[in-house]
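So the chains spell out like this:
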Amino acid sequence: MADWSWLVAGAVLYHLSFVLDCMDGKIARLKGTGTVLGGWLDYVFDLIRVLTCTLALAWGQYAASGQEIYLVLGVVIVSLDMLRYVDALQIAKVRRQCAAR
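Residues numbered from 1 in each chain as written. Predicted model: local features only at pLDDT ≥ 70, side-chain atom pairs only at ≥ 80, totals over all residues. Heavy atoms only, no water.

Chemist: Can you break down the environment of L16 residue by residue, with the values?
Modeler: By secondary structure assignment, the location of L16 is in helix α1 (residues 4–31). A relative accessible area of 46% places L16 in the partly exposed class. Along the primary structure L16 and Q67 are separated by 51 residues, whereas in three dimensions their C-alpha atoms are 29 Å apart. (Helix = DSSP H or I, 4+ residues; strand = E, 2+ residues; numbered from the N terminus. Buried < 20%, exposed > 50% of the residue type's maximum accessible area, 1.4 Å probe, protein only.)

Below, the structure written as structure tokens:
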């Protein structure tokens, strides 16, 4: 549904999911209950959330307008988002944590 009200609702829900996602990790670290599995799950669900939301927005706009640029933009957004996970320092940190256990 490409109506502006649905786009606003989607943006609000996406922001809420981001805030809750940030909060659970912070709480786990503050309480000392964070685990490597929890970090991995957080990573995987972040990827799923970005992929799902981007595909839904891109496909919805494409379906409403018929303009293929929205599909291209969806692929570009997902690709650029994946680059932020290619962080050698973070990957090394996770490997050290796994090796220490």
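Chemist: Requested: an account of the packing of α1 against helix α2 (residues 36–65), with residues and values cited.
Modeler: Two numbers describe how α1 lies on α2: the axes approach to 12 Å, and their chain directions differ by 175 degrees. Here α1 lies roughly antiparallel to α2, going by the angle between them. Residues L7, Y14, S17, F18, D21 and D24 of α1 form the contact with α2, whose own contacting residues are D42, D46, R49, V50, C53, L57 and Q61. (Axes fitted to C-alpha atoms, helices over the stretch in contact; angles between N-to-C directions. Parallel < 35°, antiparallel > 145°, perpendicular 65-115°, else oblique. Contact = heavy atoms within 4.5 Å.)

Chemist: So what's going on with α1? Residues and values would help.
Modeler: An α-helical turn contains 3.6 residues, so a residue and the one three or four places further along point in the same direction. The end-to-end C-alpha distance of α1, which contains 28 residues, comes to 41 Å, matching closely the 40 Å that a straight helix rising 1.5 Å per residue would cover. What α1 keeps buried is the set D21, G25 and A28. Looking at the buried residues of α1, the elements they touch are α2. Following α1 by one or two positions, G32 adopts a phi angle in the positive range, close to 75 degrees. (Expected span 1.5 Å × (residues − 1).)

Chemist: Help me get a handle on the packing of aromatic side chains, residues and values and all.
Modeler: Per the stated rule, a full pass over the model turns up one aromatic pair. Plain terms: the ring middles of W59 and Y62 are 5.2 Å apart, the flat faces sit at 50 degrees to each other, and that makes the pair tilted. Here Y62 and W59 lie together in helix α2, a separation of three residues that amounts to about one turn. Given a relative accessible area of 52%, W59 falls into the exposed group. (Phe/Tyr/Trp six-rings, centres within 6.5 Å; stacked < 30°, edge-to-face > 60°.)

Chemist: So what's going on with the pattern of salt bridges? Residues and values would help.
Modeler: Between side chains of opposite charge, a pair can form as their charged atoms come close. For the coordinates displayed, the defined rule picks out two salt bridges. A salt bridge links D46 to R49, with the nearest nitrogen and oxygen atoms 3.5 Å apart. Of this pair, D46 and R49 both sit in helix α2, three residues apart, which is roughly one turn of the helix. Across the pair, exposure class does not vary: D46 and R49 are buried alike. The network of salt bridges with shared partners includes D21, D46 and R49. (Salt bridge = Lys/Arg side-chain N within 4 Å of Asp/Glu carboxyl O.)

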